[in-house]
Amino acid sequence: QPKLSSSNPPNNNKVPSHNRSNYKSTIMISVFVLTLVSLVFGDAPPAETRIPIYRYWASSVGDHFYTRYFGELGEGNGVYTYEGIGFYLGESGCENSEPLYRYYKGTPTFDHFYTTSSDEIGITSTSEGVGNYGYSYEGILGYCYTEEFKRDDMVPLYRYWKASIGDHFYTTSLAEIGAGLSEGDYGNYNYRYEGVQCYVFASASATLEKEMKDNPINEEKRAKDMELFQGEHVNMPFSPIDNNASLQWNYLIIGGLVVVITAFMIMMVWYKNKNKKEAGYQMLV
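So, here is what we can say about the structure in this document. Only a predicted model underlies this, so the values are computations on that prediction, with no experimental measurement involved. (Residues numbered from 1 in each chain as written. Predicted model: local features only at pLDDT ≥ 70, side-chain atom pairs only at ≥ 80, totals over all residues. Heavy atoms only, no water.)

## Describing the state of the cysteines
And then number 1: Counted under the stated rule, the structure contains one disulfide.
And then number 2: A sulfur-sulfur separation of 2.4 Å characterises the disulfide bridge that pairs cysteine 144 with cysteine 198. Its S-S torsion of about -105° marks the bond between cysteine 144 and cysteine 198 as left-handed, since a negative value means left-handed. Here cysteine 144 is found in strand β6 (residues 136-145), whereas its partner cysteine 198 is found in strand β9 (residues 192-201), with 54 residues between them in sequence. An identical accessibility class is assigned to cysteine 144 and cysteine 198; each is buried. (Disulfide = S-S within 2.5 Å. Helix = DSSP H or I, 4+ residues; strand = E, 2+ residues; numbered from the N terminus. Buried < 20%, exposed > 50% of the residue type's maximum accessible area, 1.4 Å probe, protein only.)

Quick look at the structure:
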């Protein structure tokens with residue numbers, strides 16, 4: 001083995017180059033992992049995902065129906081006609097958002113009812129039975145905002161009621177029922193204006209006039225359908241969303257990615273240092 005020159009004594013305080021490389025790699029990995037952990041578990045609010053709310057109309061029973069699940073009715077069935085996307089809601093609750101509850105009543109008239117105020121019906125669980133006015137709870141349609149927290153990309157969701165057929169109607173287009181109405185006023189097709197339900201993300205076309213012309217209410221057929229479907233759902237069962245479970249799955253997936261990437265980087269650093277040490281040994285031999 002080569003001898004050390006007396007004119008160049010060893011510096012025992014000097015950190016070997018391969019150790020300095022290890023320190024740098026360790027710091028880089030630590031910063032990377034901490035950054036990912038802060039993104040996953042930090043206090044920053046989750047990104048808001050918008051979901052389309054599909055709109056249907058059943059002229060035979062006089063009911064407007066809105067759902068976040070296209071699979072409930074798809075392109076429609078023998079009773080409900082698909083009319084497209086009515087508007088967009090937040091998929092899960094974000095800061096300052098509030099749930100838009102979904103209710104259903106099958107007797108004496110069919111009606112799907114949506115409200116941000118649980119006090120109107122008085123129940124927020126499928127196990128609570130029937131609430132006020134004979135409505136049953138069916139879950140959360142999505143999340144919207146009050147006027148206080150609305151943003152520039154939001155529009156009001158107007159709410160209407162037609163007593164003669166027992167139908168609640170929701171739209172982001174004032175032109176469908178008529179502009180300039182005060183609460184309690186009657187507009188087009190004898191729908192009474194009940195105010196702004198909440199603020200949603202815009203995407204709706206004026207289809208009420210078209211449906212009344214192309215698919216008007218057939219009172220005779222409506223009476224037969226009401227008798228046929230009395231007290232029964234005409235749409236597929238609705239399953240309330242478990243938003244907490246969805247978030248837990250997101251955390252598990254992202255956490256798994258953090259572990260995999262971290263392990264990969266550690267292996268790369270170990271392999272690189274191993275090669276350096278082998279090369280150093282060969283030079284000393």
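Text resumes after the structure shown.
## A few points about unusual backbone geometry
And then number 1: Here the bond from threonine 107 into proline 108 is cis, since omega is 0°, no more than 30 degrees from zero.
And then number 2: With a phi close to 60°, tyrosine 189 is a non-glycine residue in the positive phi region.
And then number 3: Positionally, tyrosine 189 belongs in the loop between β8 (167-171) and β9.
And then number 4: Note on tyrosine 189: relative accessible area 29%, which makes it partly exposed.
And then number 5: Phi at asparagine 190 is positive, roughly 65°, even though this residue is not glycine.
And then number 6: Of note, asparagine 190 is situated in the loop between β8 and β9.

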